[in-house]
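# A structural walkthrough
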Amino acid sequence: MYYKFSGFTQKLTGSAPAAAYSPQVTQGAVYHRETDSGLRPGVPAESPAMVFATPTKVVSEAGSTAEYLGANRVPELQRIFQAPDGIPIHLKRGVPDRLLYRTTMALTVGGALYCLVALYFAAQPNNNK
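This is a predicted model, so every value here is computed, not measured.

About the thresholds
Residues numbered from 1 in each chain as written. Predicted model: local features only at pLDDT ≥ 70, side-chain atom pairs only at ≥ 80, totals over all residues. Heavy atoms only, no water. Helix = DSSP H or I, 4+ residues; strand = E, 2+ residues; numbered from the N terminus. Buried < 20%, exposed > 50% of the residue type's maximum accessible area, 1.4 Å probe, protein only. Contact = heavy atoms within 4.5 Å. Areas by Shrake-Rupley, 256 points an atom, 1.4 Å probe, with all protein chains shown as cover. Salt bridge = Lys/Arg side-chain N within 4 Å of Asp/Glu carboxyl O.

## What about the overall build of the protein?
Looking only at helices and strands, one finds four helices and four strands in the protein. Helices and strands appear in the protein in the N-to-C order β-β-α-β-β-α-α-α. Among the 129 residues that make up the protein, the fraction classed as buried is 3%. Relative to all contacts within the protein whose residues are 6 or more apart in sequence, the contacts with residues 24 or more apart total 0%. Carbon and sulfur atoms provide 63% of the accessible area of the protein, an area that totals close to 12,000 Å².

## A short note on unusual backbone geometry
Unusually for a residue other than glycine, Q10 sits at a positive phi of about 60°. Counting through the fold element by element, Q10 comes out in the loop between strand 1 (2-5) and strand 2 (12-15).

## Looking at the side chain of K92
Here K92 is to be found in the loop between helix 3 (74-81) and helix 4 (95-123). Accessibility expressed as a relative area gives 13% for K92, which makes it buried. Here K92 is in contact with I80, F81, A83, D85, I87 and D97, once residues within four sequence places are set aside.

## Things to note about the environment of L100
Structurally, L100 is set in helix 4. We classify L100 as exposed; its relative accessible area is 57%. Once the C-alpha coordinates of L100 and H90 are considered, the two residues, 10 residues apart in sequence, prove to be 9.7 Å apart.

## Overview of the pattern of salt bridges
This structure, assessed with the given rule, holds one salt bridge. Where K92 meets D85, a salt bridge forms, and the shortest distance between an N and an O atom there is 2.8 Å. When its relative accessible area of 42% is taken as the criterion, D85 is described as partly exposed.

In structure tokens, the structure reads:
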């Protein structure tokens, strides 16, 4: 698989080999074979208007640290999940985890049985008289 940096999402995205090996061809640039003049921008160079909501704070007001109003629960969760009590990690938090696990298992087994029953009925010959 070949990857190329997307200027739109700011992430690596899958691409064709030719696009991955031509990093100079950007998203807004177009190569013209007829004139052989190289690359020229196909879109204006100024940044587009913000599509989503405007930021609530100006960058200079926000400072260099991110604000988080919740309590730090990492030490508590580390204590719970790292306790050597022999309980599997997916059941460490008690009743909600057991309920979610058992519901998931019941739906999985029920879905598998439903698929087998549907397969059985689909395998039966058609009795048209």
